[in-house]
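As a plain string of letters, each chain reads:
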Amino acid sequence: MPMQRRNFLRLTAMSSGILVLGPGFWRAAYAAPARPGPGPYGAISGSPDAHGLRLPAGFTSRIIARTGQNVPGTNYTWHLAPDGGACFDTGDGGWVYVSNSEIPLLGGVSSIRFDGGGNVVDAYRILSNTSINCAGGPTPWGTWLSCEEWDLGHVWECDPRSPSQGQRRSALGAFTHEAVAVDPVGQRLYLTEDRPEGRFYRFTPSQWPSLGAGRLEAAKLNGNALDGTASFSWVKVSASRSASLQLERFLTTAFNGGEGCWYDSGTVYFTTKGDNRVWAHTPATGQVEVIYDDDLYPDSPLRGVDNITMSRSGDLFVAEDGGDLQLCLITPGPERTVAPFLQLDGHAGSELTGPAFSPDGRRLYFSSQRGTDGTTGVTFEVSGPFR
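Residues numbered from 1 in each chain as written. Predicted model: local features only at pLDDT ≥ 70, side-chain atom pairs only at ≥ 80, totals over all residues. Heavy atoms only, no water.

## So, the pattern of salt bridges
- On inspection of all chains with the given rule, the structure shows 15 salt bridges.
- A salt bridge links aspartate 92 to arginine 113, with the shortest nitrogen-to-oxygen separation between them at 3.7 Å. Note that aspartate 92 is positioned in the loop between β4 (82–89) and β5 (95–101) and arginine 113 in strand β6 (residues 109–114), a separation of 21 residues in sequence.
- Residue lysine 273 is joined to glutamate 259 by a salt bridge in which the shortest nitrogen-to-oxygen separation is 3.1 Å. Pair noted here: lysine 273 is in the loop between β18 (267–272) and β19 (277–282) and glutamate 259 is in strand β17 (residues 258–264), with a separation of 14 residues, a long-range link.
- The network of salt bridges with shared partners includes Arg62, Arg363 and Glu381. (Salt bridge = Lys/Arg side-chain N within 4 Å of Asp/Glu carboxyl O. Helix = DSSP H or I, 4+ residues; strand = E, 2+ residues; numbered from the N terminus.)

This is the structure we're talking about:
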């Protein structure tokens, strides 16, 4: 992008609200997009640990699974191309980490179960016979929504706590699904579409929390999301590819390569990889803002935005697809900063996927989808003094 446009975007994001409404109102009502700065955990190490991870002081890592090998302590073989993931409380002090498999025809989802001490006690399949399962999202009622990333892909609802077979939720649409987030207050779901002309969707169940039927809508962006003046309006769309598709596309807004999606404390966050942006939507007010745009600060560490998750402290963790394979975080509040939390060395050509915190917030899970050899995915756990 030409430097002139970068400068224009940066000045627009920083000054529009001040010029129109005054600095007091702007500071109270709107926070500027995140800029590079020091992270809350300090700098990452200059050299990698035994597993190839460069971490802040006080943090350690272990490998919990590798593609084609049995998960340690079990007889379950870990899948190819580990992608989106989440953690679920098992009610006995332990938890489960689920992981999608982003391969054609044999995709699906696997689970790894941990006891209260973090020891692996089981691993098993929770979804089979699906295709290109990319990301997804957890529900407040304890299921995993796994998204198929192909033209007629669906969302599948899975039980993460025991071997099972998920159920297809056709009402959530047939398109190139990426991720989904559930808003339990507004009683709606929000979904991203991984296409250059993809849409941002919301789904309102006919009877909460059943996902068997409901209204699917796509967003129309009104206003400027870089200065906090934008909002969404919504257009009803068909859950299947229909003759009305072109009209629906004309009435709604394209988002360039929708990726991660996460709900927390009244805000829905989502990423678009085509323009390397992180967005925040507040359903209660309709407001939409860009909280990160790599064009604003060319020296920013975050490139190739992808899967996202939120820590207990409100830090938004963003995984890189490409770039220098960092997992970066964006701090909350009016003075947002973006900083690297970890970096994976020796995995060129891979991407970081599936970041998720254990229920107690003390352990972070994620994968290198293609590992060091372009085929063998590796799933990691990082432990340490998360704030």
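## A look at the sheet that holds strand β7 (residues 120–127)
- Taken together, four strands build an open sheet; the order of strands is β4-β5-β6-β7 and the sheet is antiparallel. Of all strands in the sheet, those bounded by a partner on one side alone are β4 and β7. Each strand axis lies, on average, 20 degrees off the axis of its neighbour in the sheet, ignoring direction.
- Across six bridges, the pairing between β5 and β6 is antiparallel. When the bridges of β6 are listed, tryptophan 95 appears paired with phenylalanine 114. (Pairing = 2+ DSSP bridges. Axes fitted to C-alpha atoms, helices over the stretch in contact; angles between N-to-C directions.)

## Examining the pairing of strand β14 (residues 200–205)
- By the criterion of burial, β14 is predominantly enclosed, with six of the six residues buried.
- Side chains of β14 alternate between two faces, with Phe200, Arg202 and Thr204 and Tyr201, Phe203 and Pro205 buried alike.
- Here strand β13 (residues 188–193) runs beside β14; their pairing, made up of four bridges, is antiparallel. Residue pairing in the sheet places tyrosine 190 in a bridge with arginine 202 of β14.
- Between β13 and β14, which follow one another and run antiparallel, lie six residues.
- Sheet analysis places β14 next to strand β15 (residues 214–222), joined by five bridges and oriented antiparallel. Bridge pairing in β15 links phenylalanine 203 to leucine 216. (Buried < 20%, exposed > 50% of the residue type's maximum accessible area, 1.4 Å probe, protein only.)

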